[in-house]
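Commentary on secondary and tertiary structure
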Amino acid sequence: MTSDTSGAREIDLATWSRAGQFNLFRTYDRPHFATTARVDVTALMTRGKPAGVSPYRAFIHAIATGVHAVPALRTRFLGNTVTEYDEILLSTTVPRPGDSFGYAYIPYVADWAGFDESCKAIIEETSKGADFAANTGERNDLAYLSCLPWIDFTALDNALPGPDDCIPRFSWGKFVQAADGSWSCPMAVQVHHALVDGLQVGQFFEAAQKCLNRFETPA
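Here's a quick rundown of the structure. Quantities reported herein were computed from a predicted structural model and do not represent experimental measurements.

**Regarding the packing of aromatic side chains**
- In the structure shown here, the tally under the stated rule is 11 aromatic pairs.
- Note on Phe25 and Tyr28: the rings are 5.1 Å apart at their centroids and 65 degrees apart in plane angle, and the pair reads as edge-to-face.
- When its relative accessible area of 13% is taken as the criterion, Phe25 is described as buried.
- Judged by centre distance (5.9 Å) and plane angle (35 degrees), the ring pair of Tyr56 and Trp172 falls under tilted. Taken together, the residues span a long stretch of sequence, with Tyr56 in helix H3 (residues 55-69) and Trp172 in strand E8 (residues 169-172) at a distance of 116 residues.
- Residue Trp172 is classed as buried on the basis of its relative accessible area, which comes to 1%.
- Ring pairing ties together the aromatic residues Tyr56, Phe59, Trp172 and Phe175, which thus form one cluster.

Rendered as structure tokens:
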């Protein structure tokens with residue numbers, strides 16, 4: 001498994017607007033930061049799900065849409081070479097019988113119907129497989145996703161192999177209904193500060209929320 005560089009461009013550090021942040025945070029022992037916020041899934045649960053939409057796959061699509069809306073979340077580095085990818089592959093955990101899981105690799109499709117069909121097939125195939133299929137550094141053009149449907153968490157931190165791991169992590173938790181009938185869930189975003197600031201995390205949440213809100217009028 002190797003990175004797809006066909007849709008990628010190398011960033012010129014001499015003219016890059018955030019070269020200062022990149023050079024600073026590359027020197028940190030702990031350069032990552034995680035942000036957890038609540039996401040409104042009322043439209044998904046009250047309109048989308050009754051119409052046959054899978055909340056799990058819809059949330060993956062919302063995360064993917066947010067990632068592709070924010071260039072910083074599609075930017076990776078290897079040494080001093082910084083690359084921005086046009087498309088990012090979604091690496092998500094898929095439960096298997098018992099207490100094990102495997103990793104699925106899902107390509108992004110902007111159209112929901114097209115994405116849902118492909119995502120469903122890949123997840124079903126992964127759930128029946130035996131290969132762990134973890135990325136061990138072969139490629140950087142990924143986003144890591146995980147679902148914790150048992151926990152309405154208020155913060156989350158991920159295991160990281162080292163300070164130069166620059167692949168962002170996205171996790172979401174239990175869907176909870178409030179007394180007024182609205183639904184929400186926690187979502188955590190963990191990023192490398194050399195590439196991403198709070199501004200870009202905020203832009204991601206905005207784009208992901210907008211994607212989820214479209215189920216107010218399901219197709």
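Additional details are given in the paragraphs that follow.
**Let's talk about the pairing of strand E10 (residues 183-192)**
- Counting buried residues along E10, 10 of its 10 residues qualify, which places the element largely inside the surrounding structure.
- Judged by which residues are buried, E10 turns out to be covered on both faces: Trp183, Cys185, Met187, Val189 and Val191 on one side and Ser184, Pro186, Ala188, Gln190 and His192 on the other are all buried.
- Two strands pair when backbone bridges link them, and strand E2 (residues 32-40) and E10 are joined in this way by 9 bridges, in the antiparallel orientation. Within E10, the residue paired with Ala37 across the bridge is Met187.
- Two elements, E8 and E10, share 4 bridges in a ladder whose sense is antiparallel. Across the sheet, Ser171 pairs through a bridge with Ala188, a residue of E10.

**Details of the state of the cysteines**
- For the coordinates displayed, the defined rule picks out 0 disulfides.
- Cys147 provides the cysteine sulfur closest to Cys185, a residue in no disulfide bond, and the two sulfurs are 8.2 Å apart.

**A short note on the sheet that holds strand E3 (residues 75-78)**
- The strand order E1-E4-E3 describes an open sheet built from 3 strands, whose pairing is antiparallel. Strands with a single pairing partner mark the edges of an open sheet, and in this sheet they are strand E1 (8-10) and E3. Strand-to-strand, the axes of this sheet are offset by a mean angle of 30 degrees, without reference to chain direction.

The rules behind each value
Residues numbered from 1 in each chain as written. Predicted model: local features only at pLDDT ≥ 70, side-chain atom pairs only at ≥ 80, totals over all residues. Heavy atoms only, no water. Phe/Tyr/Trp six-rings, centres within 6.5 Å; stacked < 30°, edge-to-face > 60°. Buried < 20%, exposed > 50% of the residue type's maximum accessible area, 1.4 Å probe, protein only. Helix = DSSP H or I, 4+ residues; strand = E, 2+ residues; numbered from the N terminus. Pairing = 2+ DSSP bridges. Disulfide = S-S within 2.5 Å. Axes fitted to C-alpha atoms, helices over the stretch in contact; angles between N-to-C directions.

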